[in-house]
Amino acid sequence: MNYEELYENYQALEKILKDKTALIQRLQKSISREMESGDLKSFDKDVELLKAASEEQMRLQGELQILVAGFDRKAYFEEGDFAGQMLEYCSENEVDVKGEFPVYEMFPYRIRLDVENQDIYMDRKKVQCMRPSGLVNKIKAGQDRLLKASFNASAFLNELAEAYDLLILKAGKQQGTDLYLSRLYRILTPMSRYRRDYDQQSYAFDLARLYSSEAEETKDGRRFQFGPSRNINQAIRILDRDGQEQYLATIRFFQ
């Protein structure tokens with residue numbers, strides 16, 4: 001089962017329907033002019049043509065409904081056709097993928113396929129898309145948008161250091177202690193409206209750019225070091241400049 005085959009059949013019907021709709025619009029304009037000028041003989045002829053075109057339009061609409069209804073959406077998800085085609089498009093578009101059905105990581109996005117309801121979640125947001133290529137294009141566009149966004153590695157590093165210092169004070173820890181990056185994110189975005197504007201995927205993307213940057217120390221002369229964690233749930237997956245995956249869980253700042 002392949003959505004592209006369904007779409008190809010739809011396009012063939014849609015072209016005929018579009019032509020028929022254009023004919024109806026032309027006939028309606030002609031009828032309007034004929035009534036204005038009093039040309040009732042032409043009116044009689046065009047009304048019959050309009051009736052036939054409208055009936056044909058309704059028939060084509062019914063064929064479209066039958067075509068789409070015949071596409072077994074549940075089987076498309078359950079039998080793995082959607083996932084398989086999605087992965088093919090990811091490979092063609094050089095979109096890095098990690099994970100296995102039904103959850104995939106496409107940095108910095110997390111994709112979950114809800115087979116039971118035929119829904120797709122991109123992070124926590126439901127995405128209405130039954131076309132694998134459409135989903136991959138959406139992911140690719142999001143990645144490209146993030147890549148084009150301006151980024152100042154030194155400024156981001158200093159913001160991380162400020163959040164780190166605040167968390168050190170709140171937790172009563174010593175400077176140089178490893179702290180979870182996920183906790184720093186909550187310091188950086190203390191309110192939900194901030195998290196909407198700067199979500200965890202954007203944060204992970206900035207961490208990846210910092211990781212691959214040449215920034216080495218903060219404005220007060222401290223250096224920093226990322227660290228791993230045995231708790232994989234605390235780790236943030238990134239891709240380095242070579243496209244290799246890395247898992248960052250903690251950071252520490254030190255003299």
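Please refer to the structure placed before this passage.
The rules behind the values
- Residues numbered from 1 in each chain as written.
- Predicted model: local features only at pLDDT ≥ 70, side-chain atom pairs only at ≥ 80, totals over all residues.
- Heavy atoms only, no water.
- Salt bridge = Lys/Arg side-chain N within 4 Å of Asp/Glu carboxyl O.
- Helix = DSSP H or I, 4+ residues; strand = E, 2+ residues; numbered from the N terminus.
- Buried < 20%, exposed > 50% of the residue type's maximum accessible area, 1.4 Å probe, protein only.
- 1 Å grid on protein atoms, 1.4 Å probe; cavity = no way out; pocket = protein on both sides within 12 Å on 5 of 7 lines; lining within 4 Å.
- Points joined across faces, edges and corners; volume = space filled by probe spheres on them.
- Expected span 1.5 Å × (residues − 1).
- Pairing = 2+ DSSP bridges.
- Axes fitted to C-alpha atoms, helices over the stretch in contact; angles between N-to-C directions.
- Patch = residues over 30% accessible without salt bridge, like charges linked within 9 Å, V, L, I, M, F, W, Y side chains within 5 Å.
- Areas by Shrake-Rupley, 256 points an atom, 1.4 Å probe, with all protein chains shown as cover.
- Lys, Arg positive; Asp, Glu negative; His and termini not counted.
- Charge placed at Lys NZ, Arg CZ, Asp CG, Glu CD.
- Arc of directions from axis to C-beta.
- Contact = heavy atoms within 4.5 Å.

S.K.: Residues and numbers for the pattern of salt bridges, please.
M.R.: Inspection of the entire model under this criterion finds 15 salt bridges. Between R59 and E56 there is a salt bridge whose closest N-O contact spans 2.5 Å. Of the two residues, R59 and E56 are both situated in helix α2 (residues 40-69); the distance of three residues between them amounts to about one turn of the helix. Accessibility expressed as a relative area gives 24% for E56, which makes it partly exposed. Take R59: its relative accessible area is 39%, and that puts it in the partly exposed class. The network of salt bridges with shared partners includes D96, K98, R237 and E245.

S.K.: Lay out the layout of surface pockets in plain terms, naming residues and giving numbers.
M.R.: Roughly 1400 Å³ of internal volume is contained in the largest pocket. Lining of the largest pocket is provided by 36 residues; of these, P108, R110, D123, Q200 and Q201 occupy positions nearest its centre. For the lining of the largest pocket, the secondary structure elements donating two or more residues are β1 (98-100), β2 (103-106), β3 (109-114), β5 (125-127), α5 (132-148), α7 (181-188), α9 (200-211) and β8 (236-239). The space that makes up the second largest pocket amounts to roughly 410 Å³. Along its surface, the second largest pocket is lined by 16 residues, and F107, L147, F205, L239 and D240 are the ones closest to its centre. Residue assignment for the lining of the second largest pocket shows that the elements contributing at least two residues are α5 and α9.

S.K.: Please give an account of α2 that cites residues and values.
M.R.: Spanning 30 residues, α2 covers 43 Å between terminal C-alpha atoms, matching the ideal 44 Å at 1.5 Å per step. Those residues of α2 lying buried are D46, L50, A53, Q57, L60 and L64.

S.K.: Give a detailed account of the sheet that holds strand β4 (residues 119-122), specifying residues and quantitative values.
M.R.: Read from one edge of the open sheet, five strands run β1-β2-β3-β4-β5, paired in antiparallel fashion. Each edge of the open sheet is held by one strand with a lone partner, namely β1 and β5. Pairs of neighbouring strands in the sheet enclose a mean axial angle of 25 degrees, with direction left out of account. As paired elements, β2 and β3 share four bridges and run antiparallel to each other. By the bridge assignment, E105 is partnered in β3 with R110.

S.K.: Give a description of a positive patch on the surface that names residues and reports values.
M.R.: Side chains of K170, K173, R183, R186 and R195 sit close together on the surface and give a patch of like positive charge. Residue placement: R183 occurs in helix α7.

S.K.: Please provide a residue-by-residue account of helix α4 (residues 81-92), values included.
M.R.: Spanning twelve residues, α4 covers 17 Å between terminal C-alpha atoms, matching the ideal 16 Å at 1.5 Å per step. Among all positions in α4, only F82, A83, Q85, M86 and C90 are buried. Looking straight down α4, one finds that the buried residues subtend no more than 165 degrees of arc, so they occupy a single side. Away from the buried face of α4 by more than 90 degrees, exposed residues S91 and E92 are located. Looking at the buried side of α4, the elements it contacts are α1 (3-37), α3 (73-78), β2, β3, β4 and α5. Phi turns positive, to about 55 degrees, at E94, one or two residues after α4.

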